[in-house]
Amino acid sequence: MSFKDLMTSLQNCVIAVDQAPGNVSQTLRLFVDKLSESSRSSAKRCKERCLEEAVQLLRQIPEAQLHDLEDSHLLLLVRLLISMQLQMVNISAACRKVDQMLQHLAKVDHQLVFRETHRCLHSIVHTDQVLSFEDLQRACMFLEDSTVGREVWRESFPSLLKKVSELFLVVLQKESLRDGPLCYIAVKVCLQVFQLLPSEVAPLVWTTEHSDPTVQKILQALMDIILGQCCNRDTCLLAGTAVAMLINTAPESRDGEAAAWSLLQVTHLEPWLLTVGALQVQCCPTGKDGVDRLAVSRGLLTCCRPSILLSSHADATQTCLLLKGLFPVVYALCEEKRDCHYFAFEALTRCLKKVKECLPDIWKMTGVRLLPDNSSLQQQLIHITWTNAESPVEGVSEFVRSAFCLLLDLYEMDCEQFSDTKKPLYFTLLQRIIKLPWEAKAKYHRLCALLPYLGTDMVLDQYAEIPNHLLKCLSTNHLSPCGSELYKCLIQQQRRELCDASHTELDLANQWARRWRPVLHEALMSDVTLLQNNSSTYLLPCTFQVFPSAMDPLLASLDPFAPGHLHAWACIVSSYRATTGGSPWALQGSSTLEILHLALGSADDKVRLAALNLLCCSPKTKDTPSTEEMSIMRVFIPQNLNCESSPFRQHFQAGVKRFLVRIRDGCLAHVRGQKGKKKGEATDSKRAQDELEQGIGFVEWLGQLPYSYLAPGHSFQRKKTALLLLSAVLETCTDTWSPDKRKGQPPVNMGSLINCARQRGQWDFVCRTKQLVLISCLEDSTNEIRELSAGLLLRFFPPSFPDDVAAVLLMRARQLLCSPRVQEAQMGALMMKVLLQKSQDQPESCRLNGNVTVSGGINHQASCMVKFLVKELEEHYLTAKADMMLAARTKPVHGVLSALQRCLLEAPSSVYDTLDYSLTVELLVLLENLSLLLLSLLYGDQDACVTEKDAPPSFCDMGNAINSLIAQESEGQRDGEECVLLSEEHGLVLTCCWVSLKEVGILLGSLVEKIITESKPSKCLLAKEDLMRASKVFKNILLKCRHWGAVEGCCAGFTKFCASLLSSNDPELSDIPAHMLKKGLQVVRSPRSTSVTRRAAGLPMLILCVVSAEEASKARPLLAHSMQTLLETAKTPLPENWDQTLDLPQVCAVHTLQAMVRGSGLGTAVLQFAPAVAILSLTLLRSPSLLGHEERCSATLQFSVLANARPAAQQ
């Protein structure tokens, strides 16, 4: 039975159970409803929430009552839960929640749950077909997330391993399969079997009489993957972990030790024999990127138990696998300049952690110190952590920092063990750290690590410039976190040292103030805004956490009327309140409120924000604001709606939202208190009732206020602030749950507070009048106002518009889509999106046209809307084909393209619920024809665009083509005088062409990405031929249009297009980007009749988009091939005869290299080629001939880009 049939049958059974007495029927009905809700939900967090509630409901049913259920009902329930697990194999947390339910049912009938699970797994392994990706996903899920599933696999795992070994034979023969997800998940299954079923696997490996050729085949396949047959780095690393986990199953340590030492032969360049127990496999190294050594060492460090890691080699009893075998391999990997530095330093950190865990045993084994001063091991560790502390590779610096801390820990333990009290290494390191420039980020991390071993007095005395350098750090964005962390470590260490003696809190604060009060005052009153903000954000909170009494010495010397002091006062008091929860109104007698009013009325935005933060912050969200605080906010909010500063608006919204959360949670506490009162007790106190009334009243006032400032005529600043405040009210004081958010969800019992407010005639946040005001904002002249208004309408207002509103909005949207103004067309597109998601169950009067209506369910509605827009697009295309001037004025194409993009890509439903194959192909053909038509207009030649000529028209050619078109349309109405300014008609045609081409690229790329991402094995809306047609559209726009706006927009879509194809499991699809790259490189290398790379032409961007789309976890073969080809082309000697009006292939290659070095999409992947690019640039700068002038210019630009884009790549 299908999942849907199982659910229907179970619901019918629940209705039958309803006849039975007791509460079980009601609970069971709620339980089934939650399962149904979870299955319908598409959001992961919604599924998990529903399943958690279902688990709680099932546990409420006593086992005895579950025993009373009919066997058929219990069978249906078990099958339904297993079917749910199969549906959610990608959501581990959800599968574990379903497993909890199955375990509960197993207490009632364990054999039933076991039998049904076995039936499901039997269908995976007992079949003649090779395992599919879905089969392996299910196998993984039952191993990892199912208790009964593991029990079944204990009996059936030999069959599973046999099927996996057969799969490896197939996968490793095809490059696309062994580099894809199928190979990865096959390796993952092996790892999970070795990890979760070690006692069952061990006899097949370690005893000669039970050794299994299936396991030997799997071991051979895993080693082939490790040694270079697979280019996917993640798969190789996982294979290394799997082999190490297999070694760790050894029942006898000496067998595991021998196998681990045998595996370390991976460093050999010649073929070698791996022996793991009774298994032997031949290993032939093929890779040269170091991933094989990394996979093996990382796997051994992760999986092997200490007895194996401390084992000695057969030839030398004093050696240790951890120090003499693994550490040299890992150290060499860290020293080599490869693109796997992140994993190499991760392995180094793991190695040092293992050393720390095993250090007592290492001392017993060797009898000497591990890290004596000036020893080679100590020097190696210092060197590797010192030279890589500021590596540009993401994540490496964090591992280096951990390694440095572990080095210090090991040294301390070593000195303690061998009674070395001098510990000279610490002082040597401190002097080296002091000599580093203050701009070095690693300087502060190393000081933090060294501080506990030397003490604050020693560090501050030796390094007197620390306060000044900390202020410089806080004035620099990227150094602020590390500078503030050092400050926090210093004051924490200072307190630990002071607490050894008897001191009061005030004494401790005064001791802190002697060193640090001048520093904080200087920072808070600095003219540098960044220093002010960072000191308030970083330094003050940790100061009050460590020294709560530091408030008094900080405020003692401040004068609110002195320049800069008022801001410092507000920052200090608000930070004190937020950190400690202390009341600010009790400070400095009765003057606090007066100073607060002074700060709130300041002309300085920073002072007002700091004062607002003081009003709004509190460590307890249930701390209801006082009457005085609410009164102040009622005055402050309207006075600050028109601020021009965008950061002020964002902080203003955040502050008001915190204030609203305090009101909401405080009012909820009062409402719960009312419900909790017992009969006979006194009613709520007058004070609590007043707080509830005041809180509800304040929210009502603030919910009404924004609408007064959203009418036409008000400034952008006032509208934007009003919408931000309205968003804060609706997010805080409604019960709308957002599945995509982890935090900020409304409380579970929010409905009780809303009902309480509604009973008072308040909190009607979504009435018709307010809805109409927000709809009017959809026509605002600024994109930000439109998007904010649309977001509020979609998220918080009723799911459908009234009939009259929908009809008028549809008519207006259609008008705007035909506007030649880009801004107005964007308004129409946004209206179409809102209308689509808000126009369910519309009546007959709200038809889109005579054949396509807005009616039915959401999927039908979306399909009707898209069909309507495709028909509109076709009409625009035919108009442009017949009369371009008329189309530019009345049907300019780009509005409909934008509407299609919004309705297809931003709709909550799947694209497969909206499109069918015929409609998809119709849309693709339209986009292709549109692009060819628009490009031909810019060429001025209808036939030029369909040829293989890749040279785009110059800007002069485009202008002449448009002028020619205008002249033909005007039929000589204009005189022959030339005008240096572009005519209105010229601007309309040019805008229509380039904006439409940009929208074609964005829509096509995003649509292909969504179709492939959501595709299923049985259904895909695009065939290979369709994707090849789409690739030609991109190629034409990039190579035949020089307008940068069109090229840039097309690049965004083209990168998505390539990324989705390269990640496809179908090798025919993943070859399409590689084929396009090959063609692009051919264009670079071949002579041309014109320039294609100067300024904004798209050839370099085509190549950049393809290589940027490669998965970062793979070896990036396309990037390597491109860089090699471009470098070779750029190095080719110059020809003797050269037309200086044309591009040289060498110059074209240099321009393309420049784009690749500059491109942010490649990140650090291009760093491995930086030395070769730098050498090339310097070589070309010496080009002696006049012919090399273009090369020199290109090389100069490239070298400057390389220097500016990769300043950290000093390697």
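Residues numbered from 1 in each chain as written. Predicted model: local features only at pLDDT ≥ 70, side-chain atom pairs only at ≥ 80, totals over all residues. Heavy atoms only, no water.

Looking only at helices and strands, the protein chain features 55 helices and two strands. Within the protein chain, contacts between residues at least 6 apart in sequence are counted, and of these 73% link residues at least 24 apart. Put simply, the protein chain shows about 52200 Å² of open surface, and 51% of that area lies on carbon and sulfur atoms. (Helix = DSSP H or I, 4+ residues; strand = E, 2+ residues; numbered from the N terminus. Contact = heavy atoms within 4.5 Å. Areas by Shrake-Rupley, 256 points an atom, 1.4 Å probe, with all protein chains shown as cover.)

Another aspect to go through is the pairing of strand β2 (residues 279-283). The side-chain alternation of β2 yields one buried face, formed by Leu279, Val281 and Cys283, and one unburied face, formed by Gln280 and Gln282. Two strands pair when backbone bridges link them, and strand β1 (residues 272-276) and β2 are joined in this way by five bridges, in the antiparallel orientation. Looking at the pairing, Thr275 lines up with Gln280 of β2. Adjacent in sequence and paired antiparallel, β1 and β2 are bridged by two residues, among which Gly277 carries a positive phi angle near 60°. (Buried < 20%, exposed > 50% of the residue type's maximum accessible area, 1.4 Å probe, protein only. Pairing = 2+ DSSP bridges.)

The next point concerns the environment of Lys719. Position of Lys719 relative to the elements: it lies in helix α36 (residues 716-733). Each C-alpha atom of the pair Lys719 and Ser708 lies 9.4 Å from the other, and the pair is 11 residues apart in sequence. Leaving out residues up to four positions away in the same chain, Lys719 has contacts with Tyr709, Leu710, Ala711, Pro712, His714, Asp780 and Ile785. Within the structure, Lys719 has its side chain in polar contact with the side chain of Asp780 (distance 2.7 Å). (Polar contact = N/O pair within 3.5 Å; in protein donor to acceptor, adjacent residues only side chain to side chain.)

Turning our eyes to something else, we now look at the side chain of Gln137. Mapped onto the elements, Gln137 comes out in helix α8 (residues 133-144). In terms of polar contacts, Gln137 uses its side chain to reach the side chain of Asn90, at 2.6 Å. Excluding anything up to four places from it in sequence, Gln137 contacts Val89, Asn90 and Ile185.

It is worth spelling out the pattern of salt bridges at this point. One side chain can pair with another of opposite charge once the charged atoms of both are near each other. One pass over the structure, following the stated rule, counts 41 salt bridges. Measuring nitrogen to oxygen at the nearest pair gives 3.3 Å for the salt bridge that ties Glu731 to Arg795. Within this pair, whereas Glu731 is found in helix α36, its partner Arg795 is found in helix α39 (residues 783-796), the two being separated by 64 residues in sequence. (Salt bridge = Lys/Arg side-chain N within 4 Å of Asp/Glu carboxyl O.)

This part covers the confidence of the model for the protein chain. Looking at the protein chain, the pLDDT average stands at 85 and 86% of residues meet or exceed 70. For residues 972-977, every residue scores under 50 in pLDDT, and the model assigns this stretch two contacts once sequence neighbours within four places are set aside. Contacts of residues 1205-1211 to residues separated by more than four positions or lying in other chains number 13 contacts, the stretch itself having pLDDT below 50. (pLDDT = per-residue confidence, 0-100.)

Here we come to the nonpolar core. Judged by nonpolar contacts, the single largest core of 399 residues is most densely connected at Leu35 and Met223. If we ignore the near neighbours within four places in the chain, the residues touching Met223 are Val243, Leu263, Trp272, Leu274, Val281 and Cys283. (Core = buried A, V, L, I, M, F, W, Y, C linked by side-chain atoms within 4.5 Å.)

With that settled, the discussion passes to unusual backbone geometry. Leaving glycine aside, a negative phi is the common case for residues, and trans is the common case for peptide bonds. Even without being glycine, Ser419 reaches a positive phi, approximately 55°. Take Ser419: it is sitting in the loop between α21 (396-417) and α22 (424-435). Taking the relative accessible area as the measure of exposure, Ser419 reaches 63% and is therefore exposed. Phi is positive for Lys423, which is not a glycine, with a value near 50°. Structurally, Lys423 is set in the loop between α21 and α22.

This part takes up helix α23 (residues 441-454). Helix length check: α23, at 14 residues, gives a terminal C-alpha distance of 20 Å against a target of 20 Å (1.5 Å per residue), a fit within 8%. The largest bend in α23 amounts to roughly 30° and is located at Cys448, with the proline Pro452 lying one to four residues further along. Summarising burial for α23: 11 of the 14 residues are buried, a large majority. Along α23, the positions that sit buried rather than exposed are Ala442, Lys443, Tyr444, His445, Arg446, Leu447, Cys448, Ala449, Leu450, Leu451 and Leu454. If you follow the buried residues of α23, they end up packed against α20 (376-387), α21, α22, α24 (456-462), α25 (466-474) and α26 (480-498). Of the residues trailing α23, Gly455 is marked for its positive phi of about 90°. (Expected span 1.5 Å × (residues − 1). Bend = angle between axes of the 7 residues up to and from the residue.)

On to helix α40 (residues 803-817). Along an α-helix, residues three or four apart share an orientation, since each turn contains 3.6 residues. In this model, α40 (15 residues) spans 21 Å end to end at C-alpha, consistent with the 21 Å of a helix rising 1.5 Å per residue. When α40 is considered as a whole, its buried residues turn out to be Val805, Ala806, Leu809, Leu810, Ala813, Leu816 and Leu817. Down the axis of α40, the sector holding all buried residues measures 130°, keeping them to one side. (Arc of directions from axis to C-beta.)

As a further point, take the side chain of Ser1031. Inspection of the secondary structure puts Ser1031 in helix α48 (residues 1024-1040). A relative accessible area of 4% means that Ser1031 is categorised as buried. When residues no more than four places from it in sequence are discounted, the contact partners of Ser1031 are Phe1057, Ile1072 and Met1076.

With their axes 9 Å apart at the nearest point, helix α18 (residues 321-335) and helix α19 (residues 341-366) run at an angle of 155° to one another. Taken together, the axis directions place α18 and α19 in an arrangement best described as roughly antiparallel. Crossing hand, α18 versus α19: left-handed. Every residue of α19 that contacts α18 at Leu322, Leu323, Phe327, Val330, Leu333 and Cys334 is listed here: His341, Ala344, Phe345, Ala347, Leu348, Cys351, Lys354, Val355 and Ile362. A class-by-class count of the residues in the contact of α18 with α19 yields 13 nonpolar, one polar and one charged. (Axes fitted to C-alpha atoms, helices over the stretch in contact; angles between N-to-C directions. Parallel < 35°, antiparallel > 145°, perpendicular 65-115°, else oblique. Left-handed = near helix turned anticlockwise from the far one by under 90°. Nonpolar A, V, L, I, M, F, W, Y, C, P; charged D, E, K, R; others polar.)

We now examine the packing of aromatic side chains. Evaluation of the coordinates by the stated rule reveals 16 aromatic pairs. An angle of 85° between the planes, with centres 5.3 Å apart, marks the rings of Tyr342 and Phe343 as edge-to-face. According to the relative accessible area criterion, Tyr342 is partly exposed, its value standing at 33%. Accessibility expressed as a relative area gives 15% for Phe343, which makes it buried. Aromatic rings pair up to connect Tyr342, Phe343 and Phe399 into one cluster. Here the guanidinium or amino end of Arg446 rests over the ring plane of Trp386, the centre of that ring lying 3.7 Å away. (Phe/Tyr/Trp six-rings, centres within 6.5 Å; stacked < 30°, edge-to-face > 60°. Lys NZ or Arg CZ within 6 Å of the ring centre and 35° of its normal.)

Attention now moves to a nonpolar patch on the surface. Nonpolar side chains collect at one region of the surface, where Val130, Leu169 and Val170 lie side by side and expose about 250 Å² of accessible area between them. For Leu169, the position within the fold is in helix α9 (residues 147-171). Under the relative-accessibility criterion, Leu169 is labelled exposed at 56%. (Patch = residues over 30% accessible without salt bridge, like charges linked within 9 Å, V, L, I, M, F, W, Y side chains within 5 Å.)

The subject of this paragraph is a negative patch on the surface. Residues Glu175, Glu1025, Asp1066, Glu1068 and Asp1071 make up a contiguous surface patch of negative charge. Within the secondary structure, Asp1071 sits in helix α50 (residues 1067-1085). Overall, the relative accessible area of 47% leaves Asp1071 in the partly exposed class. (Lys, Arg positive; Asp, Glu negative; His and termini not counted. Charge placed at Lys NZ, Arg CZ, Asp CG, Glu CD.)

The next thing to look at is the environment of Ala440. Checked against the element boundaries, Ala440 lands in the loop between α22 and α23. A relative accessible area of 12% means that Ala440 is categorised as buried.

Turning next to the packing of α26 against helix α27 (residues 505-524). One can describe the packing of α26 onto α27 by two numbers: an axis separation of 11 Å at closest approach and a directional angle of 150°. Relative to α27, the element α26 is oriented roughly antiparallel. Like other packed secondary-structure pairs, α26 and α27 cross with a definite hand, here right-handed. Contacts between α26 and α27 involve Tyr487, Leu490, Ile491, Gln494, Arg495 and Leu498 on the former and, on the latter, Glu505, Leu508, Gln511, Trp512, Trp516 and Leu520. For the contact of α26 with α27, the class distribution of residues is eight nonpolar, two polar and two charged.

Within the structure shown, the criterion is met by zero disulfides. The thiol of Cys284 is not disulfide-bonded; the next cysteine sulfur, from Cys283, is found 7.4 Å away. As a non-bridged cysteine, Cys993 has Cys992 as the owner of its nearest cysteine sulfur, 5.4 Å distant. Judged by relative accessible area, Cys993 falls into the buried class, the value being 0%. (Disulfide = S-S within 2.5 Å.)

Turning next to the environment of Gln650. Counting through the fold element by element, Gln650 comes out in helix α34 (residues 646-676). A sequence separation of 71 residues divides Gln650 from Thr721, and the C-alpha atoms of the two residues are 8.4 Å apart. Gln650 has contacts with Lys720 and Leu724, leaving out every residue within four places of it along the chain.

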